[in-house]
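Here are the chains, one letter per residue:
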Amino acid sequence: MEVRVENVRKEFDRFPALHDVSLDIRSGELIALLGPSGSGKTTLLRLIAGLERPTAGRILFGEEDASDKSVQERNIGFVFQHYALFRHMSILENVAFGLKVRPRATRPPMGEIRRRAMELLDLVQLSGLEKRYPSQLSGGQRQRVALARALAIEPRVLLLDEPFGALDAQVRRELRKWLREIHDRTGHTTVFVTHDQEEALELADRLCVMSQGRIEQVGTPDSVYDTPASPFVFGFIGESSQLPVSLENGGVSLAGRPLGLAATGAPGAQRLFFRPHDVELVDDDAALSGTVATSRRVGGTRRVELELGGSEHRVEIDLPFDHPAVERSRIAFRPRRWALFPTA
Ligand code: ADP
Ligand code: MG
């Protein structure tokens, strides 16, 4: 374990940006803090960096309480959304900066600093551009320089706050793949903040899903996607359909009609969640069935909106776009994987 966030609370003028948050960050992993805007991602990152102090709780680096340590003492590498490169310095000088300003005792000789900066520019695939200035680079290139600069000090932890957020979708996808490759080669413990679930799912070893200053779930992309721990996670990551159901006689019912889904628990009102693509069509009407309200092609699939129980409820299911069932006016289906959450 590299960093331990222990029961951390953070208030700004009595407004709680983080409630009792605990998280272990493992050595060498790439963990994504994922959540909507305002969920507390940047606050958590700034607390780890030492740019903010917790109102309550502790942050440990290894076994050591780092709560009173500065950013420098924690040895943090930082990349923000808006590249804060020095405009009046060349690319090489930018990358070398963190080493040059070290106290004399720990500062490598100039030749060594230059060699290391050139090596890093090679790593981020910008060799040959070292004499240019930031204004002469594209947005994506500038973020690669920012990453090289953060890596130059050989940080114990690399913190990236929506580093690709200001770039267009195509460049973002390229940099995402590229960052994953760099991480696999260098093995830095990395915390990556994003509100983009696709980015987090593709990039991270583990996700930490946040909402309203709380951690909703921590796990591998597969486990979070396949077994969301809360209605929020189900709705935020991937597509979801939901229906108000009830739990009775050991099964799930919709408007008093059993759906053939076994479930245990206290009887009462629940919400049934499933993924639109994770359904199988069945022949009888004993399962869920509805009339086709709309149907449209989305890439390689057909998204069908069904009306259930008259027109009371609508859910979406996905079928292969040329599936014969879309010609029918009534479709019966059963979710393969599903979850129940008590109605709030
Ligand atoms: P995210 O990065 O997930 O968008 P933030 O951590 O920036 O969220 O913010 C979490 C909450 O804390 C927001 O409601 C935000 O307005 C509030 N907040 C963050 N920083 C400050 C600050 N310096 N002063 C007052 N409120 C803040
Ligand atoms: Mg933020």
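One numbering rule holds for all chains: residues counted from 1, following each sequence as written. For naming, the first written chain is A and the first written ligand is 1, with later ones following in the order written. Local features in this predicted model are restricted to residues of pLDDT 70 or higher, and side-chain atom pairs are both shown and tallied only at a pLDDT of 80 or more, whereas totals for entire chains, interfaces and linings draw on every residue. Side-chain measures were taken over the full set of non-hydrogen atoms in the model, leaving aside hydrogen atoms and water.

In the nomenclature of an unreviewed UniProt entry, the chain is known as Sulfate/molybdate ABC transporter ATP-binding protein of Devosia ureilytica.

**Focus on helix H3 (residues 91-100)**
An α-helical segment advances 3.6 residues per turn. Residues three or four places apart therefore align on the same side. The criterion, for reference: The buried label goes to any residue with under 20% of its type's maximum accessible area, the exposed label to any with over 50%, and the partly exposed label to all in between, with areas taken from a 1.4 Å probe on protein chains only. Where helices and strands are cited, they refer to DSSP runs of H or I of at least four residues and of E of at least two residues respectively, numbered from the N terminus. Any two residues whose heavy atoms approach within 4.5 Å at even a single point are treated as in contact.
With seven of 10 residues buried, H3 is to be regarded as a mostly interior element. Where H3 is buried, its residues contact helix H4 (110-123) and helix H5 (139-152).

**Structural notes on the packing of aromatic side chains**
We count it as follows: Two aromatic rings from Phe, Tyr or Trp, using only the six-membered ring of Trp, form a pair when their centres are within 6.5 Å; if the ring planes differ by under 30 degrees the pair is stacked, by over 60 it is edge-to-face, and anything between is tilted.
Using the criterion set out here, one finds seven aromatic pairs in the structure. Note on Phe78 and Phe80: the rings are 4.4 Å apart at their centroids and 15 degrees apart in plane angle, and the pair reads as stacked. For Phe78, a relative accessible area of 16% translates into the label buried. An angle of 55 degrees between the planes, with centres 4.6 Å apart, marks the rings of Phe86 and Phe97 as tilted. Taken together, the residues Phe86 in the loop between strand E6 (76-79) and H3 and Phe97 in helix H3 connect sequence positions 11 residues apart.

**With respect to the site of ligand 1**
To be explicit about the condition: Whether a residue is near a molecule or strand is decided by its heavy atoms; if any one of them lies within 4 Å of it, the residue is near. Identification of polar contacts relies on pairs of N or O atoms within 3.5 Å, with a donor-acceptor requirement for protein atoms, meaning one able to donate a hydrogen and the other able to accept it, and with residues adjacent in sequence counted only if both atoms are side-chain atoms. Methods summary: accessible areas were calculated by the Shrake-Rupley approach with a probe of 1.4 Å, and residue burial reflects only the protein chains presented. Amino acids outside the nonpolar list (Ala, Val, Leu, Ile, Met, Phe, Trp, Tyr, Cys, Pro) and the charged list (Asp, Glu, Lys, Arg) are all regarded as polar, and Gly is one of them.
Taken together, the neighbourhood of ligand 1 is formed by Phe12, Phe15, Ala17, Pro36, Ser37, Gly38, Ser39, Gly40, Lys41, Thr42 and Thr43. In this structure, an oxygen atom belonging to ligand 1 sits 3.2 Å away from a main-chain N or O atom of Ser39. Within the side chain of Thr42, an N or O atom sits 2.8 Å from an oxygen atom of ligand 1. Here ligand 1 loses 60% of its free accessible area of 560 Å² to cover by the protein chains. Mapped onto the shell around ligand 1, the elements with two or more residues apiece are strand E2 (15-25) and helix H1 (41-49). Counting residues per element, the shell around ligand 1 draws most heavily on H1, at three residues. Its residues placed into classes, the shell around ligand 1 shows four nonpolar, six polar and one charged.

**Concerning the pattern of salt bridges**
How we decide: Think of a salt bridge as a Lys or Arg side-chain nitrogen and an Asp or Glu carboxyl oxygen that are within 4 Å of each other.
Using the criterion set out here, one finds 29 salt bridges in the structure. Across the pair Glu202 and Arg176 runs a salt bridge whose closest N-O atoms are separated by 3.1 Å. Of this pair, Glu202 sits in helix H7 (residues 197-203) while Arg176 sits in helix H6 (residues 169-186), and the two are 26 residues apart along the sequence. Looking at Glu202, the relative accessible area reads 43%, which means it is partly exposed.

**Re H4**
The following threshold applies: Here the expected length of a helix is defined as 1.5 Å per residue gap, with one fewer gap than residues. For this quantity, the arc is that covered by the directions from the helix axis to the C-beta atoms.
Here H4 spans 20 Å end to end across 14 residues, near enough to the 20 Å set by a 1.5 Å rise per residue. Among the residues making up H4, those that are buried are Ile113, Arg116, Ala117, Leu120, Leu121 and Leu123. For H4, the angular spread of the buried residues around the axis is 155 degrees, confining them to a single face. Exposed side chains of H4 directed beyond 90 degrees from the buried face belong to Gly111 and Asp122. Among the residues trailing H4, Gln125 stands out with phi positive, at a value near 60 degrees.

**Some points on the sheet that holds strand E18 (residues 313-320)**
Rules: Strands were regarded as paired on the criterion that DSSP finds at least two bridges between them. The angle between two axes is taken between their N-to-C directions and runs from 0 to 180 degrees, where each axis is a line fitted to C-alpha atoms and a helix contributes only its stretch in contact.
With antiparallel pairing, five strands are arranged side by side in an open sheet as E15-E19-E16-E17-E18. At either margin of the open sheet sits one strand with a lone partner, and together these are strand E15 (279-281) and E18. On average, each strand axis in the sheet is tilted by 45 degrees relative to the strand beside it, whichever way the strands run. Alignment of strand E16 (residues 288-298) against strand E17 (residues 301-308), held across seven bridges, turns out to be antiparallel. Considered in E17, the bridge of Ser295 is made with Val304.

**Focus: the nonpolar core**
Formally: Residues enter a nonpolar core if they are buried and are Ala, Val, Leu, Ile, Met, Phe, Trp, Tyr or Cys, with the set joined through side-chain atoms within 4.5 Å.
Ranked by size, the top nonpolar core spans 44 residues in total, and within it Val95, Leu147, Leu179, Leu207 and Ile237 carry the most contacts. For this core, the element with the highest residue contribution is H5, accounting for seven residues. Contacts of Leu207, omitting those with residues within four sequence positions, involve Ala32, Leu34, Ala200, Leu201, Gln217, Val218, Gly219, Pro221, Val224 and Ile237. With 25 residues, the next largest nonpolar core counts Ile31, Leu45, Leu47 and Val193 among its residues.

**Side note on the packing of H3 against H5**
Filter applied, for reference: Roughly parallel covers angles under 35 degrees, roughly antiparallel covers those over 145, roughly perpendicular covers 65 to 115, and oblique covers all other angles. Put simply, a crossing is left-handed when the front helix is turned counterclockwise from the back one by less than a right angle, and right-handed when it is turned clockwise.
At a minimum axis separation of 7 Å, H3 and H5 run at an interaxial angle of 25 degrees. Regarding the angle of H3 to H5, the classification is roughly parallel. In this structure, H3 crosses over H5, and the sense of that crossing is right-handed. Between H3 and H5, the residues in contact are Ile91, Asn94, Val95 and Leu99 and Val145, Ala148, Arg149 and Ala152, respectively.

**Brief notes about the pairing of strand E9 (residues 206-211)**
Across the six residues of E9, six count as buried, placing the element largely inside the fold. Alternating positions in E9 separate into two faces, Arg206, Cys208 and Met210 on one and Leu207, Val209 and Ser211 on the other, with burial throughout. By the bridge criterion, four bridges tie strand E3 (residues 30-34) to E9 in an arrangement that is parallel. Pairing of Leu34 across the sheet is with Val209, part of E9. Bridge count for E9 against strand E10 (residues 214-219) is five bridges, and the pairing is antiparallel.

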